[in-house]
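Topology and contacts: notes
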Amino acid sequence: YIMNKKNLVAKTSELISQMDNDQINQIIAAINSTRDLNMRAKTNQLNVGDLVKLNMKSGKTVVGNIFKVNQKTVLVKTTLGEKWKVSGTLLSLVD
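Quick look at the structure, then. (Residues numbered from 1 in each chain as written. Predicted model: local features only at pLDDT ≥ 70, side-chain atom pairs only at ≥ 80, totals over all residues. Heavy atoms only, no water.)

1. Quick look at the pattern of salt bridges
Scanning all chains against the criterion turns up 2 salt bridges. Ionic pairing is found between Lys-72 and Asp-36, a salt bridge with its closest N-O pair at 3.3 Å. Taken together, the residues span a long stretch of sequence, with Lys-72 in the loop between strand 2 (61-69) and strand 3 (73-78) and Asp-36 in helix 2 (residues 21-44) at a distance of 36 residues. Residues joined by salt bridges that share partners form a network here, namely Asp-36, Arg-40 and Lys-72. (Salt bridge = Lys/Arg side-chain N within 4 Å of Asp/Glu carboxyl O. Helix = DSSP H or I, 4+ residues; strand = E, 2+ residues; numbered from the N terminus.)

The structure is reproduced here in structure tokens:
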């Protein structure tokens, strides 16, 4: 499966390199639309009060409770009292 993904990305990159600017803009619009749908679907699975974690690029894990769910973003209050506004796609429920 991973090898198929790599092949798919390589083939896609090759096709994109052959496109004109208008075609590239259409691809960008399709990617942005798909990302938006994915973000909304993930955010819709989250509820106020859920305990979630956010894995930072630095390797640090932040844990907190959701106190507001917007269409695309989620507001989380951490156990240290910090408030974060993040995409729902970056959060994982804590078991």
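Next comes the rest of the write-up.
2. Notes on the sheet that holds strand 4 (residues 83-87)
Think of a sheet as strands paired side by side through backbone hydrogen bonds, with each pair either parallel or antiparallel. With antiparallel pairing, the 5 strands of this open sheet are ordered in space as 4-3-2-1-5. Each end of this open sheet is capped by a strand with a single partner; those strands are strand 4 and strand 5 (91-93). Neighbour to neighbour, the strand axes of the sheet diverge by 45° on average, direction disregarded. One ladder, built from 3 bridges, connects strand 1 (residues 51-55) with strand 5; its direction is antiparallel. Of the residues in strand 5, the one forming a bridge with Leu-54 is Leu-91. (Pairing = 2+ DSSP bridges. Axes fitted to C-alpha atoms, helices over the stretch in contact; angles between N-to-C directions.)

3. Re the environment of Ser-58
Within the secondary structure, Ser-58 is located in the loop between strand 1 and strand 2. Taking relative accessible area as the criterion, Ser-58 reaches 66% and is therefore assigned exposed. There is a polar contact of 3.5 Å between the side chain of Ser-58 and the backbone nitrogen of Lys-60. (Buried < 20%, exposed > 50% of the residue type's maximum accessible area, 1.4 Å probe, protein only. Polar contact = N/O pair within 3.5 Å; in protein donor to acceptor, adjacent residues only side chain to side chain.)

4. Quick look at the side chain of Asp-50
Looking at the element boundaries, Asp-50 is found in the loop between helix 2 and strand 1. Buried and unpaired, Asp-50 has Lys-42 as its nearest opposite-charge partner, separated by 9.1 Å. Here Asn-47 takes part through its backbone nitrogen, which lies 2.8 Å from a polar atom of the side chain of Asp-50. Not counting chain neighbours up to four residues away, the residues in contact with Asp-50 comprise Gln-45, Gly-64, Asn-65, Ile-66 and Leu-93. (Lys, Arg positive; Asp, Glu negative; His and termini not counted. Contact = heavy atoms within 4.5 Å.)

5. Let's talk about the environment of Val-86
Checked against the element boundaries, Val-86 lands in strand 4. Judged by its relative accessible area of 9%, Val-86 falls in the buried class. Note: C-alpha distance between Val-86 and Val-69 (17 residues apart in sequence) is 10 Å. Every residue in contact with Val-86, bar those within four places of it in the chain, is listed here: Leu-54, Lys-72, Thr-73, Val-74 and Leu-91.

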